[in-house]
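Here is how the chains run, residue by residue.
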Amino acid sequence: MRLNRILRTAFLGLGHNPLRTALTLLGIIIGVAAVVALLGVGQAATASVTSQIQGLGTNVLVISPGQSTENGISQGLGSSASLTDSDVKALQKDSALAAVAGDVTTRAQVVYGSVNYQTQVEGTTPDIQTIRNLSLAAGRFFNTVEANHDGYVAVIGSTAAENLFGAQSPVGKTIWIDGLAFEVVGELASEGSSGATNNDDRILIPLQTMQAHLLGGDSLTTIYASARDSQSMTQAQLQVEATLRQAHGLRFGESDDFTVTNQATLLSALSNVSHTLQVFLGGIAGISLLVGGIGIMNIMLVTVSERTREIGLRKSLGATQGSILGQFLTESAVVGLLGGCIGIVVGIVGAQGIGRFLQTSVPVNPSSIWISFVVAVAVGLVFGVYPALRAARMSPMNALRYE
Amino acid sequence: MAVLRLEHVSKRYGVGDQTVQAVRDVTLSIDAGEFVAIVGPSGSGKSTLMHLMGLLDVPSTGHVLVDNVEASLLRDRDLARLRNEKIGFVFQNFNLLPRTSAVENVALPLFYAGYRTQPALAKAREALARVGIDPHLRGHHHPNQLSGGQQQRVAIARAIVNEPRVVLADEPTGNLDSQTTDDILDLFTSLNREGTTIVLVTHEEYVARHARRIVSVRDGLIASDEAVVHSAGPQAGVEA
Ligand SMILES: Nc1ncnc2c1ncn2[C@@H]1O[C@H](COP(=O)(O)OP(=O)(O)OP(=O)(O)O)[C@@H](O)[C@H]1O
Ligand SMILES: [Mg+2]
């Protein structure tokens, strides 16, 4: 039998019961759409965290309190007071470091006029501007004099500015942070939000002012340091570790009570997590494809037994086992193929929808499209083999006598 | 020259612990150009015999030869080819594919023989014309748009479209009224005059009388095998 005939026969068979065919298709469509959309979401999540980490810059060291585990992730429990201003002073003497900035982050109530809302308030020093590569949309950053002499000045992130001031320019306005008045001297350029975190929803004030009047104490949440260039990162990191161990009076054999991370270690930690995420999401999608495949098999078995007499007739007219096998395999492969095509479209649309919901772009990887398409057709074929073999092996006489 | 030969053929069916002996040691030869009726009461093994002749079933013992080819030695592909090229089937319930036009139904054996679409459809139209169905008027009709007699004509066209060596018909008039039965029997008679070998299974003596040889079967055995002499058309008696 020629190919065009085989295809025609397959479509005739599928048209036999359109509702049933549509439902079988749905199983494959859902499976393929899940593969395309979920893998896209996994990639988007990874990309979002990656871009945040890359936003750090290649020569930035992030020092946080608490012991590290092997893969560089801070455990951070019970040792939150291990970084202080004196550590910053010690590090500022290190020749491998270009700049060092202490940083305390808290959440506080901020008031402007009748607007009152909670946001992240960060106490830091002007050096943070070069280390974190912060650019300003308006005004200026607070200077060293203000930073060291109780300056009540603030630099505001773009989201915080919008929330407090709406369309007005924030520069020159006075805001109240936990009951203290600060003059806004600058507005940060938007860094863009990535996923759930928003780097623009924050207010920076001088570290010294924050410690003296808002929080008390001299402990730090984070120390940011920048190496002279990205080549000297390793040397800088070793030096930071040595300096801090000395400052903290740690003896040989005692483990660090701080963690130094950089972009590279964070990225490698992330790649482990994102690999797990991809496997997990891929697994869910794979299971739904499997269920779709079982749906195909189920329907093909019903179809074969419903069409037993037709199979007998075709054999009596000269159909070989091969052509009967081909007829039913083509039918299930067409279901896989059609379901695959529709599923890819649904998956792409779904990925855009999820992207809009999460306010990020969800990429659709061409390879995930190809893979899910091939898998869908393969699922159709694999799960069609058993029913088709059953049809092909039927004795023509028994098939003709079948009621 | 024998088109079909059964040599000491028997067929047993196992039903649970019991076995049913549907055909017992039958030897039968059908020559080219013959018009044979196989008659016998219900359950006597007529259909089983026909399935064996048509290579739709394999005998428990004995040999089936189609056009002098021993079927038990053949693989599936060669069996399918013999069924396709040498044998045409006509069934009691027509067995046309639903939702498929008359022409396409008739062309089906040609498609299995590897024909391209257009030549197959052209040949199918010729076959329809031969059995008295106007291919231009009725060719595109689906089976459910045709009367029983018309459906059986389409089925006969399908059986002869490949110019087989023999047409095997199992109760082809069983579902038809008496007028249509006569039409179909006349069609078989004229096809036979044009040279087609026909084996017709029936339990009605009236139908059998259209044949030129009557083989009667009882309990899986051939009880008699006689030629029919037609003296005055279809009403002629049967002679020993
Ligand atoms: N697949 C089968 N399994 C078991 N027994 C069968 C099978 N096919 C036929 N038989 C038995 O074989 C015997 C002959 O059956 P067959 O159909 O050949 O009779 P028949 O002469 O065609 O009868 P009818 O005139 O009613 O069609 C019957 O006893 C029947 O029950
Ligand atoms: Mg019968």
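What you see is a predicted model, and the numbers here were worked out from it, not measured in a lab.

Glancing now at the overall build of chain B. A count of helices and strands for chain B gives eight helices and 10 strands. For 240 residues, the compact-globule estimate of 2.2 N^0.38 gives 18 Å, and chain B sits close to it at 18 Å. Principal-axis analysis of the C-alpha atoms gives chain B an extent of 50 × 45 × 40 Å. Only carbon and sulfur atoms are counted for the fraction: they give 47% of the accessible area of chain B, which is about 10,500 Å². With 24 positive and 28 negative side-chain charges, chain B shows a spacing of 6 Å between the two charge centroids.

Our focus in this paragraph is unusual backbone geometry. The phi dihedral of N133(A) is positive, around 60 degrees, even though this residue is not glycine. Secondary-structure assignment places N133(A) in the loop between α4 (127-131) and β4 (136-139). Backbone geometry at R99(B) places phi at a positive 55 degrees, although glycine is not the residue there. Topologically, R99(B) is positioned in the loop between β6 (87-90) and α3 (102-112).

Moving on, we get to the layout of surface pockets. The calculated volume of the second largest pocket comes to roughly 640 Å³. Forming the boundary of the second largest pocket are 25 residues, of which R401(A), S47(B), T48(B), H51(B) and D170(B) lie nearest the centre. Mapped by element, the contributors of at least two residues to the lining of the second largest pocket are α13 (396-401) of chain A together with β2 (18-31) and α1 (46-53) of chain B.

On to the interface of chain A and chain B. Facing 25 residues of chain A, the contacting portion of chain B comprises 28 residues. The contact between chain A and chain B buries some 2,500 Å² in all, and 55% of this surface belongs to carbon and sulfur atoms. As a salt-bridge pair, E104(B) and R8(A) come within 3.2 Å of each other at their nearest N and O atoms. Across the chain A-chain B interface, the total number found is 12 residue pairs in polar contact (both at pLDDT 80 or more). Those elements giving two or more residues to the side of chain A that touches chain B turn out to be α1 (3-15), α10 (308-316), α11 (321-358) and α13 of chain A. Here the element with the most residues in the side of chain A that touches chain B is α10(A); it accounts for six residues.

Once that is clear, we can look at the sheet that holds strand β10 (residues 221-227) of chain B. Residue and element names in this part refer to chain B. Pairing is mixed in the open sheet, where six strands are placed in the order β6-β7-β8-β3-β9-β10. What marks the edges here is a single partner per strand, and that holds for β6 and β10. Adjacent strand axes in the sheet meet at a mean angle of 15 degrees, parallel and antiparallel pairs treated alike. With five bridges joining them, strand β7 (residues 166-170) and strand β8 (residues 197-201) adopt parallel strand pairing. Residue V166 lies in a different strand from β8, and its bridge partner there is T197. This element, α1, spans β3 (35-39), β6, β7, β8 and β9 (213-218) of the sheet and lies at about 155 degrees to β7. Where helix α2 (residues 76-86) meets the sheet, it contacts β6 and β7, and its direction lies at approximately 75 degrees from that of β6.

Residue and element names in this part refer to chain A. One pass over the full model with this rule turns up five aromatic pairs over all chains. Taking 4.4 Å as the distance between ring centres and 55 degrees as the angle between the ring planes, the aromatic pair formed by Y112 and F165 counts as tilted. Remark: F165 occurs in helix α6 (residues 158-165) and Y112 occurs in strand β2 (residues 97-112); sequence separation between them is 53 residues. We note that Y112, like F165, is buried.

Right, let's get into the pattern of salt bridges. Throughout the structure, instances matching the rule amount to 20 salt bridges over all chains. Across the salt bridge formed by R5(B) and E7(B), the nearest N and O atoms sit 3.1 Å from each other. When the shortest N-O distance is used, the salt bridge between D57(B) and K11(B) registers 3.4 Å. Taken together, the residues span a long stretch of sequence, with D57(B) in the loop between α1 and β4 (61-66) and K11(B) in strand β1 (residues 2-15) at a distance of 46 residues. Members of the salt-bridge network, linked through shared partners, are R307(A), E310(A), R314(A) and E331(A).

To continue, consider the domain arrangement of chain A. What the domain assignment lists for chain A is domain 1 (3-52 + 269-400) and domain 2 (83-256). Taking only C-alpha atoms into account, the centre of domain 1 of chain A sits 53 Å from that of domain 2 of chain A.

Okay, the sheet that holds β4(B) next. Residue and element names in this part refer to chain B. The antiparallel open sheet is built from four strands, whose spatial order is β2-β1-β4-β5. At either end of the open sheet lies a strand with only one pairing partner, and these are β2 and β5 (69-70). For β1 and β4, the ladder comprises five bridges, and the chain directions are antiparallel. When the bridges of β4 are listed, S10 appears paired with T61.

The rules we used
- Residues numbered from 1 in each chain as written.
- Chains lettered and ligands numbered in written order.
- Predicted model: local features only at pLDDT ≥ 70, side-chain atom pairs only at ≥ 80, totals over all residues.
- Heavy atoms only, no water.
- Helix = DSSP H or I, 4+ residues; strand = E, 2+ residues; numbered from the N terminus.
- Rg over C-alpha atoms; globule rule 2.2 N^0.38 Å.
- Areas by Shrake-Rupley, 256 points an atom, 1.4 Å probe, with all protein chains shown as cover.
- Lys, Arg positive; Asp, Glu negative; His and termini not counted.
- Charge placed at Lys NZ, Arg CZ, Asp CG, Glu CD.
- 1 Å grid on protein atoms, 1.4 Å probe; cavity = no way out; pocket = protein on both sides within 12 Å on 5 of 7 lines; lining within 4 Å.
- Points joined across faces, edges and corners; volume = space filled by probe spheres on them.
- Contact = heavy atoms within 4.5 Å.
- Buried area = accessible area lost by both parts, 1.4 Å probe.
- Salt bridge = Lys/Arg side-chain N within 4 Å of Asp/Glu carboxyl O.
- Polar contact = N/O pair within 3.5 Å; in protein donor to acceptor, adjacent residues only side chain to side chain.
- Pairing = 2+ DSSP bridges.
- Axes fitted to C-alpha atoms, helices over the stretch in contact; angles between N-to-C directions.
- Phe/Tyr/Trp six-rings, centres within 6.5 Å; stacked < 30°, edge-to-face > 60°.
- Buried < 20%, exposed > 50% of the residue type's maximum accessible area, 1.4 Å probe, protein only.
- Domains from an automatic or database assignment.

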